[in-house]
Amino acid sequence: MTSTFKQLLKVELTKAIKNKFFITTLIIALLFALFSAWYMIDLYFYSVKGLSRMGGNQMIQALSLFNHWIGGEATTLGFTLFFTLMPLIAALPYGWSYFIENKSGYVKTVVTRSSKTEYFLAKYIATFIAGGLVILIPLLINFVVVACFIPAVTPSIMYPMYHSVYHGSLWSQYYYTNPVWFVILYFVLDFIFAGLFATMSLTISLFVKNRIAVILVPFFLILVLHYSRTFLAYKYYYEISPLNYLHSTIIENPVNVWIVLGQGLLFFILTFGLTMGLGGKREIF
């Protein structure tokens, strides 16, 4: 790693995180996450009050932090907006940057001092990190806020209706034994996929000459994948949609680790391969 690349990467990371689009998108994502937290905390106290009035089993292991944070619940508007719009949220902070810089002539100035390979590698890393952070930060804040009000009781397999994590699903063994580790694994998973969603926009910008399309095309591609699962209804019982399997509890179908790994590798190979391959060979005018 040359000193020129280190400096270029530092500049790209600064631009990726300290721009108005990153801040604005982060605030919007935070509002979704906090709206979910507000609703679920209120629901928790309502449920506890109802159980107290009835007496008997208080169902302590059914009502837990781990099925009330935004990654564990599937009922609020905040949850729906956050996970449905995740590819779009991830792309907005910096996915459009190459398109603007190429149009303004900034790219030509940079590559004369370093190289096209170093420029696109730094751009890819910065775009990936910005997309990952704009999703990870709201998830972390939601989890911490909900944890301030709802106890982190280890879930019990006796209440599957409340937890929706079944045997054989992704990391289910940790959910009922070490749920904090389970949540951390999903933080990492969501960060990685959000980063990949962001880099899809970077890759699309090598082909498309419209800023709005650069942001929206990856989102629509993920939506196509999401709704294509309907063709597999009653034929294949594993989740294939990232919009569903990036949520830590089952929404429709169980999550298979090989599907997640396969799609993640495919997204990386396509985005990184095309960005570095085409970007490195592209003539800069």
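Starting from 1, residues in each chain are numbered consecutively following that chain's sequence as written. Note on the predicted model: pLDDT of at least 70 is required for a residue's local features to be given, and 80 or more for side-chain atom pairs to be given and counted; whole-chain, interface and lining totals, by contrast, use all residues. Heavy atoms from the whole structure form the basis of all side-chain values; hydrogens and water molecules are not counted.

**Re the overall build of the chain**
Scanning the chain for helices and strands turns up 13 helices and 0 strands. Numbering goes from the N terminus for both helices and strands, where a helix is a DSSP run of H or I of at least four residues and a strand is a run of E of at least two. In sequence order, the secondary structure elements of the chain are arranged as α-α-α-α-α-α-α-α-α-α-α-α-α. Taking 285 residues into account, the globule formula puts the C-alpha radius of gyration at 19 Å, and the chain, at 21 Å, falls close to it. For the C-alpha atoms alone, the extent of the chain along its principal axes is close to 75 × 40 × 35 Å. Buried, partly exposed and exposed residues are distinguished by accessible area as a fraction of the type maximum, computed with a 1.4 Å probe on protein chains only: under 20%, between the cut-offs, and over 50%, respectively. A burial count over the chain gives 50% of its 285 residues as buried. By definition in these notes, contact holds between two residues if any of their heavy atoms fall within 4.5 Å. For the chain, the proportion of contacts with a sequence separation of at least 24, taken over those separated by at least 6, is 76%. Accessible surface, the chain as shown: approximately 13900 Å² in total, 71% of it carbon and sulfur. We count Lys and Arg on the positive side and Asp and Glu on the negative side, and we leave His and both chain ends out. For this purpose, a charge sits on NZ of Lys, CZ of Arg, CG of Asp or CD of Glu. When the 18 positive and 9 negative side-chain charges of the chain are each reduced to one mean point, those points stand 10 Å apart. We compute the radius of gyration from the C-alpha atoms alone; for a globule the expected value is 2.2 Å times N to the 0.38, where N is the number of residues. All accessibility values rest on the Shrake-Rupley procedure with a 1.4 Å probe; residue burial counts only the protein chains present in the view.

**Observations regarding the side chain of His247**
Tracing the sequence through the fold places His247 in the loop between helix H12 (242-245) and helix H13 (257-281). With a relative accessible area of 0%, His247 lands in the buried category. Whenever a nitrogen or oxygen atom comes within 3.5 Å of another N or O atom, the pair is scored as a polar contact, on the condition that within protein one atom can donate a hydrogen and the other can accept it, and that pairs from neighbouring residues in sequence are kept only if both atoms are in side chains. Engagement of the side chain of His247 in a polar contact is seen with the backbone oxygen of Glu73, the distance being 2.6 Å. With near-sequence residues (within four places) excluded, His247 lies in contact with Ile70, Gly71, Gly72, Glu73, Ala74, Phe79, Phe83 and Tyr186.

**Considerations on helix H3 (residues 77-84)**
Turning to H3, its buried residues number three or more, namely Gly78, Phe79, Phe82 and Phe83. Down the axis of H3, the buried side of the element spans an arc of 110 degrees, and every buried residue falls inside it. Here the arc refers to the directions that run from the helix axis out to each C-beta atom.

**Re the packing of helix H7 (residues 116-147) against helix H10 (residues 179-204)**
In a pair of packed helices, the angle between the axes and the distance between the axes together describe the arrangement. Axis definition: a line fitted to C-alpha atoms, over the contacting stretch in the case of helices. Angles run 0 to 180 degrees between N-to-C directions. Two numbers describe how H7 lies on H10: the axes approach to 7 Å, and their chain directions differ by 140 degrees. Taken together, the axes of H7 and H10 lie oblique to each other. Two packed elements cross with a definite hand, and for H7 against H10 that hand is right-handed. In the contact of H7 with H10, the residues fall into 17 nonpolar, 5 polar and 2 charged. Angles below 35 degrees are treated as roughly parallel, those above 145 as roughly antiparallel, those between 65 and 115 as roughly perpendicular, and all remaining angles as oblique. In this scheme, a crossing is called left-handed if the near helix is turned counterclockwise away from the far one by less than a right angle; it is called right-handed if the turn is clockwise. Put simply, Ala, Val, Leu, Ile, Met, Phe, Trp, Tyr, Cys and Pro go in the nonpolar bin, Asp, Glu, Lys and Arg in the charged bin, and everything else, Gly too, in the polar bin.

**Let's talk about the nonpolar core**
If you look at the biggest cluster of nonpolar residues, it comprises 74 residues, and the most contacted ones within it are Phe82, Ile135 and Phe197. For this core, the element with the most residues is H7, which contributes 13 residues. Not counting residues within four places of it along the chain, the set of residues in contact with Ile135 comprises Phe82, Met86, Ile89, Ala90, Asp190 and Ala194. Only buried Ala, Val, Leu, Ile, Met, Phe, Trp, Tyr and Cys residues count toward a nonpolar core, and they belong to the same one when joined by side-chain atoms within 4.5 Å.

**Quick notes on the pattern of salt bridges**
Salt bridges are identified by distance alone: a Lys or Arg side-chain nitrogen within 4 Å of an Asp or Glu carboxyl oxygen. For the structure shown, the criterion picks out 4 salt bridges. Salt bridges sharing partners connect three or more residues here, namely Glu12, Lys15, Glu101 and Lys123.

**Description of the environment of Leu202**
With respect to the helices and strands, the residue Leu202 is situated in helix H10. Along the chain, Leu202 and Ser97 lie 105 residues apart, while their C-alpha atoms are 7.6 Å from each other. Beyond its immediate stretch of four places on either side in the chain, Leu202 contacts Gly95, Tyr98, Lys123, Tyr124, Thr127 and Thr275.

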